[in-house]
Amino acid sequence: MLRITDLFPPLGLRITVGPLQLRGLSDEHLPELCELAEAGIHAPERMPFAYPWTDAPAGELPRIAAAYHWRCRAAWSPGQWSLQLGVWHDGQLVGCQGLETSDYLVTRSAETGSWLGLAHQGRGIGTAMRRAICAFAFDHLDAQEITSGAFTDNPASLAISRKVGYTNNGIRRMKRREDDLAHNQQLTLTPDRLVRGEHPLQVEGLAAVRASIGLADEVDAD
């Protein structure tokens, strides 16, 4: 009998690094994740995201967040994919870590994006989860480059990028909120510059994920 992980392999992915675990978000996890987002990711006057999704009207954010994850699943293909993993720390859901790309089989380049609930910020979790996804991409998905970006008024995100090993790669002028011009620091990371954490990665469900993005012939079965 088919399992849900046969239909969407990222739901079977587990990346464990010490007390941190990144894993696929099933529908049963989405209510808790959406409540976490609605409880707050940043101060209302700030906006760390290029698309201001956290500005949703009261009560609308959970539906919008859930719909985003459903769209990512529906659009998954070797040519374009967005891997969105829940982040658990000591067994508690604390945020979401993403890795997305298009034309990956040609470029071997992907972009990171993430968020943490306010109550879990400032504890080193953001750095640990970024190191984990970058190490996973380089070691297990054959990535050659990982990009990211953060607005210049978001020092916390930029500090994480420096700790992980990203280097600056220019500034983009972007619309953030309505009539709000913001400067976004572009960042790039290569395998030789990655600053790894103290714990090794343990990965489950890798072969099926690789197969789903067109890397099936390049890995042994789990």
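Structure first, text after, so check above.
Criteria and thresholds
- Within each chain, residue numbers correspond to sequence positions counted from 1 in written order.
- Per-residue local features of the predicted model are confined to residues with pLDDT of at least 70, and side-chain atom pairs are confined, for both listing and counting, to 80 or more; whole-chain, interface and lining totals are unaffected and use all residues.
- Only hydrogens and water are set aside; all other atoms, that is, all heavy atoms of the structure, feed into the side-chain values.
- The patches reported here contain residues having more than 30% relative accessible area and no salt bridge. Joining distances are 9 Å for like charges and 5 Å for nonpolar side chains (Val, Leu, Ile, Met, Phe, Trp, Tyr).
- Per-residue and other accessible areas follow the Shrake-Rupley method at a 1.4 Å probe size, with only the shown protein chains counted as cover for residues.
- Salt bridge criterion: a side-chain nitrogen from Lys or Arg within 4 Å of a carboxyl oxygen from Asp or Glu.
- Numbering of helices and strands runs from the N terminus; a helix is a DSSP stretch of H or I covering at least four residues, while a strand is a stretch of E covering at least two.
- Burial classification: accessible surface area is computed with a 1.4 Å probe over protein chains only, and a residue below 20% of its type maximum counts as buried, one above 50% as exposed, and the rest as partly exposed.
- Pairing between strands requires that DSSP locate at least two bridges from one strand to the other.
- Working convention: axes come from line fits to C-alpha atoms, limited for helices to the stretch in contact. Angles between N-to-C directions cover 0 to 180 degrees.
- The contact criterion used is simple: two residues touch if any of their non-hydrogen atoms lie within 4.5 Å.
- For a helix, the expected span equals 1.5 Å multiplied by the residue count minus one.
- A cavity here means a set of points on a 1 Å grid, drawn over the protein atoms and nothing else, where a 1.4 Å probe fits but cannot get out; a pocket is an open set with protein on both sides within 12 Å along at least five of seven lines, and a residue lines either one if it has an atom within 4 Å of a point.
- Grid points are joined across faces, edges and corners, and a volume is the space filled by probe spheres set on the points.
- Residues are grouped as follows: Ala, Val, Leu, Ile, Met, Phe, Trp, Tyr, Cys and Pro are nonpolar; Asp, Glu, Lys and Arg are charged; every other residue, Gly included, is polar.
- When the strands point away from the viewer and the connection leading from the first strand across the helix to the second strand turns clockwise, the crossover is called right-handed.

## Observations regarding a nonpolar patch on the surface
Residues L2, I4 and L7 make up a contiguous nonpolar surface patch of about 350 Å² in total accessible area. Turning to its location among the elements, L7 is positioned in helix α1 (residues 4–7). By relative accessible area, which is 58% here, L7 ends up exposed.

## Things to note about the sheet that holds strand β2 (residues 20–24)
Across the sheet, which stays open at both edges, the nine strands sit in the order β7-β8-β6-β5-β4-β3-β2-β1-β9 with mixed pairing between neighbours. Each end of this open sheet is capped by a strand with a single partner; those strands are β7 (167–175) and β9 (202–204). When the angles between neighbouring strand axes are averaged without regard to direction, this sheet yields 25°. Here β7 pairs with strand β8 (residues 181–189) via seven bridges, running antiparallel. Within β8, the position partnered with K175 by the bridge is L181. Of the strands in this sheet, β1 (14–17), β2, β3 (80–89), β4 (92–102), β5 (109–116), β6 (145–151), β8 and β9 touch helix α5 (residues 125–140), which is tilted by about 155° from β5.

## Considering helix α3 (residues 61–74)
The terminal C-alpha atoms of α3, which comprises 14 residues, lie 20 Å apart, in line with the 20 Å expected from a rise of 1.5 Å per residue. Listed as buried for α3 are L61, A65, A66, A67, H69 and C72. In the core, the buried residues of α3 are packed alongside α2 (30–39), β3 and β4.

## Concerning the layout of surface pockets
Estimates place the volume of the second largest pocket at around 350 Å³. Around the second largest pocket, the lining is made up of 18 residues, and of these V17, A128, G197, E198 and H199 lie nearest the centre. Per-element tally for the lining of the second largest pocket: the top contributor is α5, with seven residues. When its residues are assigned to classes, the lining of the second largest pocket shows nine nonpolar, five polar and four charged.

## Describing the pairing of β5
Of the pairings in the sheet, the one linking β4 to β5 comprises six bridges and is antiparallel in character. Paired with Q97 across the bridge in β5 is S114. The pairing of β5 with β6 spans three bridges and is classified as parallel. Bridged to S109 within β6 is E145. Regarding topology, α5 serves as the crossover connection from β5 to the parallel β6, and that connection is right-handed.

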